[in-house]
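# Structure at a glance
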Amino acid sequence: MNNFRLAGDEGNAGKCINNLGDLHMRTGNAEAARHSYEESLALALTYGSLAEQVTTQANLAGLLLRSNEAEDLTSGLAMYQECLFTFRRLGDRRNEANALIGVGIAHHRLGRYPEAAGHHAQALVLARDIGAAHEEAHALHRLGAAEAALGKLGEAAGHIEMSLALADRIQEREQQARSLDALAGVRLQEGRHEEARELWQDAIGIFQELDPSESARIDRHLAALAETEPSRRRRHIGS
């Protein structure tokens, strides 16, 4: 990166900074990632192509959706909507599907579950049309999560199970873990606690290799589930 800047090549410096943001994301440093993406986007807007600009913007939008702040979530939604328009303009149908999923996630985080489900369903149709298996698995997972939030547990489980089967087939391990996590949440809503525990344990086995922060999050779910067991046993004995 420094060599590019010494040579006056701000465009390639911006690409390096974007890649640095990706590295920060993988190591769980969201604050550093945000700084890198914002700096990279500023450079891309001046020196980069439209494709480079929208790629960096999508990275920043995805990071904002990890926030719990309404302002960040709203900004992330607006960015993904801009990305969706740009990817369509560029004819990039794979990333159009990814942007639809991003818009859907933003609506989900903002509590707008019907809108979330609608965008994920659009992404699913597009992903299947272009044969994009990774995006199809992701859209199925997210559609199921939105349906679960709407109380449509049967439909949710069906879509998440399809996501898991596809992720297994294409050996997409992160998506496998995320689908296992989502399916565990549905089983918990259905009162099938033992199945939820087993699914979360399977998810942890993958996340321990890929993302320790996600492994820790699921550990907290398992701990909370374990705390409910004595009361559930007492209710069963007393019934």
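Residues numbered from 1 in each chain as written. Predicted model: local features only at pLDDT ≥ 70, side-chain atom pairs only at ≥ 80, totals over all residues. Heavy atoms only, no water.

### So, the overall build of the protein chain
On a plain count of helices and strands, the protein chain comes out with 12 helices and 0 strands. Intrachain contacts of the protein chain at a sequence separation of at least 6 include 46% that bridge at least 24 residues. Working note: accessible area of the protein chain is about 12300 Å², and carbon and sulfur atoms make up 50% of it. (Helix = DSSP H or I, 4+ residues; strand = E, 2+ residues; numbered from the N terminus. Contact = heavy atoms within 4.5 Å. Areas by Shrake-Rupley, 256 points an atom, 1.4 Å probe, with all protein chains shown as cover.)

### So, unusual backbone geometry
A positive phi angle, close to 55°, is found at Gln171, a residue other than glycine. Locating Gln171 in the fold gives a position in the loop between α9 (153–170) and α10 (173–189).

### Notes on the nonpolar core
Grouped together as the largest cluster of nonpolar side chains are 34 residues, with contacts concentrated most on Tyr37, Leu60, Leu65 and Tyr80. When residues of this core are traced back to their parent elements, those giving at least two are α3 (30–47), α4 (50–64), α5 (70–90), α6 (93–109), α7 (113–130) and α8 (133–149). The residues touching Tyr37, leaving out its near neighbours within four places in the chain, are Asn18, Gly21, Asp22, Met25, Thr56, Asn59, Leu60 and Leu63. Counting 22 residues, the second largest nonpolar core, distinct from the first, contains Leu183, Trp200, Ile206 and Leu225. (Core = buried A, V, L, I, M, F, W, Y, C linked by side-chain atoms within 4.5 Å. Buried < 20%, exposed > 50% of the residue type's maximum accessible area, 1.4 Å probe, protein only.)

### Regarding the layout of surface pockets
Here the largest pocket defines a volume of roughly 2100 Å³. Around the largest pocket sit 48 residues that line it, and Arg66, His138, Arg142, Glu174 and Arg178 are the ones nearest its centre. When its residues are assigned to classes, the lining of the largest pocket shows 17 nonpolar, 19 polar and 12 charged. (1 Å grid on protein atoms, 1.4 Å probe; cavity = no way out; pocket = protein on both sides within 12 Å on 5 of 7 lines; lining within 4 Å. Points joined across faces, edges and corners; volume = space filled by probe spheres on them. Nonpolar A, V, L, I, M, F, W, Y, C, P; charged D, E, K, R; others polar.)

### With respect to the packing of α7 against α8
Look at α7 against α8: their axes get within 8 Å of each other, and the N-to-C directions meet at 160°. The angle between α7 and α8 falls in the class roughly antiparallel. For the crossing formed where α7 meets α8, the hand is left-handed. Of the residues in α8, those touching α7 at Tyr113, Ala116, Ala117, His120, Ala121, Ala123, Leu124, Ala127 and Arg128 are Glu135, Glu136, Ala139, Leu140, Arg142, Leu143, Ala146 and Ala149. Here the residues of the contact of α7 with α8 are counted per class, giving 12 nonpolar, 1 polar and 4 charged. (Axes fitted to C-alpha atoms, helices over the stretch in contact; angles between N-to-C directions. Parallel < 35°, antiparallel > 145°, perpendicular 65-115°, else oblique. Left-handed = near helix turned anticlockwise from the far one by under 90°.)

### What to know about α9
With 18 residues, α9 ought to run about 26 Å at 1.5 Å a step, and its terminal C-alpha atoms sit 26 Å apart, in line with that. Of the residues making up α9, those classed as buried are Leu153, Ala156, Ala157, His159, Ile160, Ser163, Leu164, Leu166 and Ala167. Summarising the contacts, the buried residues of α9 are in contact with α8 and α10. Downstream of α9 by one or two residues, Gln171 has phi in the positive range, about 55°. (Expected span 1.5 Å × (residues − 1).)

### Concerning the pattern of salt bridges
Applying the stated criterion to the full structure yields 17 salt bridges. Of the charged contacts in the structure, one is a salt bridge between Asp129 and Arg93, with a shortest N-O distance of 2.9 Å. Of this pair, Asp129 sits in helix α7 while Arg93 sits in helix α6; the two residues are 36 residues apart in sequence, bridging distant segments of the chain. Take Asp129: its relative accessible area is 52%, and that puts it in the exposed class. In this structure Arg93 comes out as partly exposed when scored by relative accessible area, which is 36%. Between Asp181 and Arg217 there is a salt bridge, with its nearest N and O atoms 2.5 Å apart. On the criterion of sequence distance, the pair formed by Asp181 in helix α10 and Arg217 in helix α12 (residues 212–238) is long-range, its members being 36 residues apart. A single network of salt bridges, built from pairs that share partners, joins Glu161, Arg187, Glu190, Arg192 and Glu195. (Salt bridge = Lys/Arg side-chain N within 4 Å of Asp/Glu carboxyl O.)

### Some points on the confidence of the model for the protein chain
Across the protein chain, pLDDT averages 90, with 90% of residues at or above 70. Throughout residues 3–7 the model reports pLDDT below 50, and contacts reaching past four residues in sequence, or to other chains, amount to 9 contacts. Residue range residues 234–239 is modelled with pLDDT below 50. Its contacts to residues more than four positions away, or to other chains, number 0 contacts. (pLDDT = per-residue confidence, 0-100.)

### Observations concerning the environment of Gly131
Here Gly131 is to be found in the loop between α7 and α8. Gly131 sits 37 residues away from Arg94 along the chain, and the two C-alpha atoms are 9.2 Å apart.

### Topic: α7
An ideal rise of 1.5 Å per residue puts 26 Å on 18 residues; α7 measures up with 26 Å between its terminal C-alpha atoms. Regarding α7, the residues found buried are Ala116, Ala117, His119, His120, Ala123, Leu124, Leu126 and Ala127. Where the residues of α7 are buried, they touch α6 and α8. Two residues or fewer past α7, Gly131 is found with a positive phi of approximately 70°.

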